[in-house]
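Residue-level structural notes
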Amino acid sequence: MAIVKVPHLGRTFIMPAQIEIFLTGIGVEYHRWLSSEPLSSHASPAQILDAYKSQLESYKIAHGFAAYDVIDLTPETPGIDDILGQCSKEHWHDQEEARLIVAGRGVCNIHPAGRAVVIAELEPGDFLSVGRGIRHWFELCAERRLRAVRFLDAQQETSYTQSGIENEYEPVCLGPAYFAHRQL
Ligand SMILES: [Fe+2]
């Protein structure tokens, strides 16, 4: 499950229902999606798409996407530094950006106009869609591993803000350690 933090407000959300409501208020759609069968870490793209077929098809049709595919990032992915470098600078798109995490973890930093930055740490089963025009940047956790289903449009323009705000936020991935800490 995701962990959502708003550092400037000292707020943290860990319950999916709370996260869903809070993110809706800033133009971001969040859901927990359950696969129709357990997926191993070595599942093929076809197996992944099949396991989430009903949710993927429903969302694609409802939001007018052209298609979806599986992306796979590891420390060995050619050009990984360039790929992550582009994602990790504050930007926005002229279409919504929708992803389902299926392996690994990452952090989506969301910067709604005139509001505090919201940090959403995502893990497998987390679906997140950042609305059109909402500024954001994305980083992987230390293991630099991510498999995700991404929804595709025929054309999606990306605009960089050049604000440099991302330099003020260290990617802090808490993961399971956060829950262990809470139980102390
Ligand atoms: Fe983006």
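Note that the structure is predicted; figures quoted are calculated from it, not measured.

Things to note about the overall build of the chain
A count of helices and strands for the chain gives five helices and 12 strands. The C-alpha atoms of the chain give 16 Å as radius of gyration, which agrees with the globular expectation for 184 residues (16 Å, within 12%). Seen through its principal axes, the chain has C-alpha atoms that stretch 45 × 40 × 35 Å. Taking all 184 residues of the chain together, the buried fraction comes to 43%. Pairs at least 24 apart in sequence give 73% of the contacts found in the chain among residues at least 6 apart. Looking at the chain as shown, the accessible area adds up to about 9700 Å², and 53% of this sits on carbon and sulfur atoms.

So, the side chain of Glu-97
In this fold, Glu-97 is placed in strand 6 (residues 97-104). A polar side-chain atom of Glu-97 sits 2.9 Å from a polar atom in the side chain of His-93. Setting aside residues up to four positions removed in sequence, Glu-97 forms contacts with His-91, Leu-128, Ser-129, Val-130, His-136 and Gln-156.

Re the state of the cysteines
Overall, the coordinates contain one disulfide when judged by the stated rule. Covalently, Cys-141 is tied to Cys-173 through a disulfide, its sulfur atoms 2.0 Å apart. Between Cys-141 and Cys-173, the disulfide has an S-S torsion of -90° and is therefore left-handed. With a gap of 32 residues between them, Cys-141 in the loop between strand 10 (135-140) and strand 11 (146-152) and Cys-173 in the loop between strand 12 (158-160) and helix 5 (175-182) connect regions that are remote in the sequence. The exposure class of Cys-141 is buried, given its relative accessible area of 2%. Cysteine Cys-108 remains unbridged, with the sulfur of Cys-87 as its closest cysteine sulfur at 9.9 Å.

Quick look at unusual backbone geometry
Unlike most non-glycine residues, Arg-144 shows phi in positive territory, near 50°. Note on placement: Arg-144 falls in the loop between strand 10 and strand 11. Of note in the backbone geometry, Gln-162 takes a positive phi value of approximately 60° without being a glycine.

Things to note about the coordination of the iron ion
Within the protein, His-91 (NE2), His-93 (NE2), Glu-97 (OE) and His-136 (NE2) serve as the donor atoms for the iron ion, at 2.1 to 2.2 Å. Taken together, the four donor atoms coordinating the iron ion and their angles of 80 to 166° define a geometry best described as irregular. Along the chain, the residues donating to the iron ion are arranged with the sequence spacing H-x1-H-x3-E-x38-H. Of the two residues, Glu-97 is situated in strand 6 and His-136 in strand 10; the sequence distance between them amounts to 39 residues. Residue His-136 is classed as buried on the basis of its relative accessible area of 2%.

As for the layout of surface pockets
Estimated volume of the largest pocket: approximately 600 Å³. Ile-71, Cys-87, Glu-97, Arg-99 and Arg-150 are, among the 29 residues lining the largest pocket, the residues nearest its centre. Going through the elements one at a time, strand 4 (67-73), helix 4 (80-87), strand 5 (91-93), strand 6, strand 9 (126-130), strand 10, strand 11 and strand 12 are the ones with two or more residues in the lining of the largest pocket. The greatest single-element share of the lining of the largest pocket, amounting to five residues, is contributed by strand 11. Its residues assigned to classes, the lining of the largest pocket comprises 18 nonpolar, six polar and five charged.

Cut-offs and rules
Residue numbers run consecutively from 1 along every chain, following the written order of its sequence. Two thresholds apply to this predicted model, a pLDDT of at least 70 for residue-level local features and 80 or more for giving and counting side-chain atom pairs, whereas whole-chain, interface and lining totals are computed over all residues. Processing note: side-chain calculations cover all non-hydrogen atoms of the structure and skip hydrogens and water entirely. A helix here means a DSSP run of H or I that spans at least four residues, while a strand means a run of E at least two residues long, and both kinds are numbered starting from the N terminus. Computation of the radius of gyration draws on C-alpha atoms, with the globule rule given as 2.2 Å multiplied by the number of residues to the power 0.38. When accessible area is computed with a 1.4 Å probe and restricted to protein chains, residues below 20% of their type maximum are described as buried, those above 50% as exposed, and intermediate ones as partly exposed. Residue contacts are counted whenever heavy atoms from the two residues lie within 4.5 Å of one another. To measure how exposed things are, a 1.4 Å probe is used in the Shrake-Rupley method; for residues, cover is taken only from the protein chains shown. Within 3.5 Å is the distance limit for a polar contact, defined as a pair of N or O atoms, with the added protein rule that one can donate a hydrogen and the other accept it, and that residues adjacent in sequence qualify only through two side-chain atoms. Cysteine sulfur atoms are paired as a disulfide whenever they fall within 2.5 Å. The donor definition counts N, O and S atoms within 2.8 Å of each metal and applies 3.2 Å to Na, K and Ca; water is not among these atoms, so some sites may look incomplete. Every geometry call rests on angle ranges, with four donors termed tetrahedral when all angles are between 85 and 135 degrees, four termed square planar and six termed octahedral when opposite donors are over 155 degrees apart and all others are between 65 and 115, and everything else termed irregular. Residues are called lining when one of their atoms sits within 4 Å of a cavity or pocket point, these points coming from a 1 Å grid over the protein atoms alone, where a cavity is a set in which a 1.4 Å probe fits but cannot get out and a pocket is an open set with protein on both sides within 12 Å along at least five of seven lines. Grid points are joined across faces, edges and corners, and a volume is the space filled by probe spheres set on the points. Under the scheme applied, nonpolar residues are Ala, Val, Leu, Ile, Met, Phe, Trp, Tyr, Cys and Pro; charged residues are Asp, Glu, Lys and Arg; polar residues are all the others, including Gly.

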